[in-house]
Number of protein chains: 2
Amino acid sequence: MPEAATAPAALGDSEFDRDTAVIPREPGVYDTDLSAGWTIFGAVNGGYLLAVLGRALADTLPHSDPFTLTAHYLSASRPGPAVVRTETVRTGRTLSTGQASLFQYDTEGREVERIRVLASYGDLDALPDDICTSAKPPAIPPISQCFGPEDGPAPDADQQPIAERLMLKLDPSTIGWALGQPSGKGEMRAWFGLADGRDADPLSLLLAVDALPPTAFDLGIAGWVPTVELTVHVRSRPAPGPVRVSITTRNLAGGFLEEDAEVWDSEDRLVAQSRQLARVRRG
Amino acid sequence: MPEAATAPAALGDSEFDRDTAVIPREPGVYDTDLSAGWTIFGAVNGGYLLAVLGRALADTLPHSDPFTLTAHYLSASRPGPAVVRTETVRTGRTLSTGQASLFQYDTEGREVERIRVLASYGDLDALPDDICTSAKPPAIPPISQCFGPEDGPAPDADQQPIAERLMLKLDPSTIGWALGQPSGKGEMRAWFGLADGRDADPLSLLLAVDALPPTAFDLGIAGWVPTVELTVHVRSRPAPGPVRVSITTRNLAGGFLEEDAEVWDSEDRLVAQSRQLARVRRG
């Protein structure tokens, strides 16, 4: 049955959905299990973690779409059991505000907070159709002319299980760093999707904004760039098909940099904007 | 003694400092009194409120400079008594994370939450000097060629007490809306300072990012543009002298828009970046 085996995964029934599932323990409290499938060099991807927290808040709040979500990363998450504790801060007709924290357990079983989130949710389908935008989609070649991890030698493939789960094709003009020739511009652009063909939705956009290699690589900086804080605005429900992600760093100063991401869908709509503040730990 | 009467107010001893003062009631809890001096048409300025919350967190946390601060505006603040309740979420060597809520009182004396903030603080003076930036200061004419409320007919001056407390001089190319000719670009640029001459510091930068007229005016949209969420990154301690603030809206869609602000100091350093998500309520 090759057709069935290669059919795209359905929204709500994909590996991403299963790995971000949260199970209600009591009102507002959810158990989850962070999957090792979304790690890179042992670190759980920050966007994947956002999606787990985002799903818990979507269940807690009367509105289901994240409009604006801010996360502060407090300590390093590890694959394994976790609990998400949510609080409904305010409910309104158009928007609801909530807070959530993800905890894991230390060796004595005590809860250790990994991430704290503050977010406002609404209903993307209830928004009017008006658009007045000067933003333009990023100039990025067709997917067939872009490059993913599978196109290179990938000596550390076993250290990057997340790569198998993403369809990530980088703009050739932003991969010079991989060949020892960073552009120095602080840019990263890519086509993004889930490898199993699941379409984008607001939760997967939370993953998309933090799934590309750090722009620091394009600035010629090796080493780790841990996120301190990340804020995402979801502006529209994405149309089916891969999205384009464009990330820019304009200001690296005092050991910190910002990464500004835009996500554009197949109908040329700006569906998400994000900014994160990250630290530079030179390798 | 005219010299004394016109000397600039000192950092820490200005009207802005007095009006954002917080008085410890018990550990982590602060009383304050929101001043009517920072209102416009009865609404308390969102940046002034951020500064009040920012000051409470600076007192609670072991670090005193806001590096990244996110606020969700839950209900309309009014001049008068308020209480700020803070929580220390995590303390680290370089960064500490805290949360704060500002409450006021309903007619029965019950606390009503106005704003919730999540923030990470550090020490700006401890950062290394490295800068690698492609960001450029905004092109804005000298102060003498820019315009403030005092330069116009100002029919509603008594409705804008905040205007007396700010030195706000708008770039002539972004004030067409005041003459019925908005540019349609969604831009607003101004020189910004405190009217009493107090120099900028990280707390006044929290005010600066939300002190200009809304970019919606430059898009030809009248009416109210309430902030849903605002995130500020303070990237450097500002040098003495007025700062330049540049605000841009690129995407108005579905009744929401983002406002991206940059603040540049007199030494051409990008000292703060902010983004807010705001709703458009057409007038």
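What you are looking at is a predicted structure, and each value in this text was computed from that prediction instead of being measured.

Novice: I tried to follow the overall build of chain A on my own but got confused; where do I start?
Specialist: A count of helices and strands for chain A gives 6 helices and 18 strands. Since a compact globule built from 283 residues should have a radius of gyration of about 19 Å, the 18 Å found for chain A is in line with a globular shape. In terms of overall dimensions, chain A has C-alpha extents of about 50 × 50 × 50 Å along its principal axes. Partitioning the contacts of chain A with sequence separation of at least 6, the portion at a separation of at least 24 is 70%. Mean positive and mean negative side-chain charge positions of chain A (25 and 39 charges, respectively) differ by 6 Å.

Novice: Is there a simple way to explain the UniProt feature "domain: Acyl-CoA thioesterase-like N-terminal HotDog" (unreviewed entry) in chain A in this structure?
Specialist: The sites that carry the UniProt feature "domain: Acyl-CoA thioesterase-like N-terminal HotDog" (unreviewed entry) are, in the present numbering, residues 36-120 of chain A. As annotated, residues 36-120 of chain A has a helix share of 18% and a strand share of 53%, and its two end C-alpha atoms lie 29 Å apart.

Novice: When you look at the side chain of A:Arg244 in this model, what are you seeing that I'm missing?
Specialist: Residues and elements named next belong to chain A. The residue Arg 244 is located in strand S14 (residues 243-248) in this model. In terms of polar contacts, Arg 244 uses its side chain to reach the side chain of Asp 268, at 2.7 Å. What Arg 244 contacts, discounting residues up to four positions off in sequence, is Pro 137, Pro 138, Ile 140, Ala 190, Trp 191, Glu 262, Val 263, Trp 264, Asp 265, Ser 266 and Asp 268.

Novice: Could you clarify how one ought to interpret the interface of chain A and chain B in this entry?
Specialist: Frequently, the measure chosen for interface size is the accessible area that the parts lose on association. The interface is formed by 53 residues belonging to chain A together with 54 residues belonging to chain B. Taken together, both faces of the contact between chain A and chain B bury some 4,600 Å²; the carbon and sulfur share is 51%. It is A:Arg235, A:Arg250 and A:Arg275 in chain A that bury the most area against chain B; as a group they hold 16% of the surface buried on that side. There are 6 salt bridges connecting chain A and chain B. Of the charged contacts, one joins A:Glu87 and B:Arg116 as a salt bridge, the two residues approaching to 2.9 Å between their closest N and O atoms. Counting across the chain A and chain B interface gives 40 residue pairs in polar contact (both at pLDDT 80 or more). The element contributing the most residues to the side of chain A that touches chain B is strand S17 (residues 270-279) of chain A, with 7 residues. Looking at side-chain class alone, the side of chain A that touches chain B contains 20 nonpolar, 18 polar and 15 charged residues. As paired strands, strand S9 (residues 131-133) of chain A and strand S15 (residues 251-253) of chain B are joined by 3 bridges and run antiparallel to one another.

Novice: Would you mind going over empty space enclosed by the protein with me for this structure?
Specialist: Using a probe with the size of a water molecule, rolled over the atoms, empty space left in the structure can be pinpointed. Taken as a whole, this structure holds 3 cavities of 30 Å³ or more when the rule is applied. By volume, the largest cavity is sized at about 60 Å³. Lining of the largest cavity is provided by A:Thr231, A:His233, A:Arg275, B:Glu229, B:Thr231, B:His233, B:Ser274 and B:Arg275. Those elements giving two or more residues to the lining of the largest cavity turn out to be strand S13 (227-234) of chain A together with strand S13 (227-234) and strand S17 (270-279) of chain B. Here the lining of the largest cavity gets 3 residues from one element, more than from any other, and that element is S13(B). Partitioned by chemical class, the residues of the lining of the largest cavity number no nonpolar, 5 polar and 3 charged.

Novice: How should the pairing of strand S14 (residues 243-248) of chain B be read in this particular structure?
Specialist: Remark: a regular strand shows side chains that alternate across the two faces of the sheet. Residue and element names in this part refer to chain B. Most of S14 sits out of view: 5 of its 6 residues are buried. The pairing of S14 with strand S16 (residues 256-264) spans 5 bridges and is classified as antiparallel. Looking across to S16, one finds that Ser 246 is bridged to Glu 262.

Novice: Explanation requested: the pattern of salt bridges in the structure shown.
Specialist: When the charged atoms of two side chains lie near each other, side chains of opposite charge can form a pair. All names here are of chain A. Scanning the entire structure with this criterion turns up 42 salt bridges over all chains. Salt-bridge contacts for Arg 18 lead to Asp 13; the nearest nitrogen and oxygen are separated by 3.5 Å. Under the relative-accessibility criterion, Arg 18 is labelled exposed at 52%. With relative accessibility at 52%, the residue Asp 13 sits in the exposed group. Here Glu 108 and Arg 110 are joined by a salt bridge, their closest N and O atoms 2.8 Å apart. Shared partners join several salt bridges into a network, and the residues in it are Asp 17, Arg 55, Arg 198 and Asp 201.

Novice: Teacher, can you tell me more about the packing of aromatic side chains here?
Specialist: Two aromatic rings, taken as a pair, are described by how far apart their centres are and by the angle between their planes. Considering all chains together, one arrives at 8 aromatic pairs over all chains under this definition. Ring geometry for A:Trp38 and A:Tyr48: centres 5.6 Å apart, planes at 5°, overall stacked. Of this pair, A:Trp38 sits in the loop between strand S2 (29-34) and strand S3 (39-40) while A:Tyr48 sits in helix H3 (residues 46-60), and the two are 10 residues apart along the sequence. The burial state of A:Trp38 is the same as that of A:Tyr48; both residues are buried. Summarising the aromatic geometry, the rings of B:Phe16 and B:Trp38 are spaced 5.8 Å apart at their centres and angled 70° between planes, so their arrangement reads as edge-to-face. Note that B:Phe16 is positioned in helix H2 (residues 15-19) and B:Trp38 in the loop between strand S2 (29-34) and strand S3 (39-40), a separation of 22 residues in sequence. You can call B:Phe16 buried: its relative accessible area is 1%. Pairwise contacts between aromatic rings join A:Phe16, A:Trp38 and A:Tyr48 into one cluster.

Novice: In this structure, what is going on with the relation of the copies chain A and chain B? I would like to understand it.
Specialist: Mapping between the two copies of the chain is achieved by a rotation about an axis and a shift along the axis. By a simple turn and slide, chain A fits onto chain B: the slide is 0.0 Å along the axis, the RMSD is 0.0 Å, and the turn is 180°. Such values leave the two copies arranged in the relation of a two-fold axis. Both copies present the same face, since 100% of the interface residues in chain A are matched by interface residues at the equivalent positions in chain B.

Novice: Is there a simple way to explain the pairing of S14(A) in this structure?
Specialist: As defined by bridge partners, strand S11 (residues 187-194) of chain A adjoins S14(A) across 6 bridges and the pair is classed as antiparallel. When the bridges of S14(A) are listed, A:Arg189 appears paired with A:Ser246.

Novice: Please clarify how helix H3 (residues 46-60) of chain B should be interpreted in this entry.
Specialist: An α-helix turns once every 3.6 residues. As a result, residues three or four positions apart point the same way. All names here are of chain B. Between its terminal C-alpha atoms H3 stretches 21 Å, which fits the 21 Å expected from 15 residues at 1.5 Å a residue. The set of residues buried in H3 consists of Gly 46, Gly 47, Tyr 48, Leu 49, Leu 50, Ala 51, Val 52, Leu 53, Gly 54, Arg 55, Ala 56 and Leu 57. Looking at where H3 begins, the residue whose side-chain oxygen comes 2.8 Å from the main-chain nitrogen of Gly 47 is Asn 45.

Novice: Please explain unusual backbone geometry as it appears in this structure.
Specialist: Trans is the prevailing form of peptide bonds, just as negative phi is the prevailing case for residues other than glycine. Residues and elements named next belong to chain A. Positive phi values are uncommon outside glycine, yet Phe 41 reaches one of about 50°. Along the chain, the position of Phe 41 falls in the loop between S3 and strand S4 (43-44). You can call Phe 41 partly exposed: its relative accessible area is 44%.

Rules and cut-offs
Residues numbered from 1 in each chain as written. Chains lettered and ligands numbered in written order. Predicted model: local features only at pLDDT ≥ 70, side-chain atom pairs only at ≥ 80, totals over all residues. Heavy atoms only, no water. Helix = DSSP H or I, 4+ residues; strand = E, 2+ residues; numbered from the N terminus. Rg over C-alpha atoms; globule rule 2.2 N^0.38 Å. Contact = heavy atoms within 4.5 Å. Lys, Arg positive; Asp, Glu negative; His and termini not counted. Charge placed at Lys NZ, Arg CZ, Asp CG, Glu CD. UniProt positions renumbered as here; feature names shortened; annotations may be inferred. Polar contact = N/O pair within 3.5 Å; in protein donor to acceptor, adjacent residues only side chain to side chain. Buried area = accessible area lost by both parts, 1.4 Å probe. Salt bridge = Lys/Arg side-chain N within 4 Å of Asp/Glu carboxyl O. Nonpolar A, V, L, I, M, F, W, Y, C, P; charged D, E, K, R; others polar. Pairing = 2+ DSSP bridges. 1 Å grid on protein atoms, 1.4 Å probe; cavity = no way out; pocket = protein on both sides within 12 Å on 5 of 7 lines; lining within 4 Å. Points joined across faces, edges and corners; volume = space filled by probe spheres on them. Buried < 20%, exposed > 50% of the residue type's maximum accessible area, 1.4 Å probe, protein only. Phe/Tyr/Trp six-rings, centres within 6.5 Å; stacked < 30°, edge-to-face > 60°. Least-squares fit on C-alpha atoms with pLDDT ≥ 70 in both. Expected span 1.5 Å × (residues − 1).

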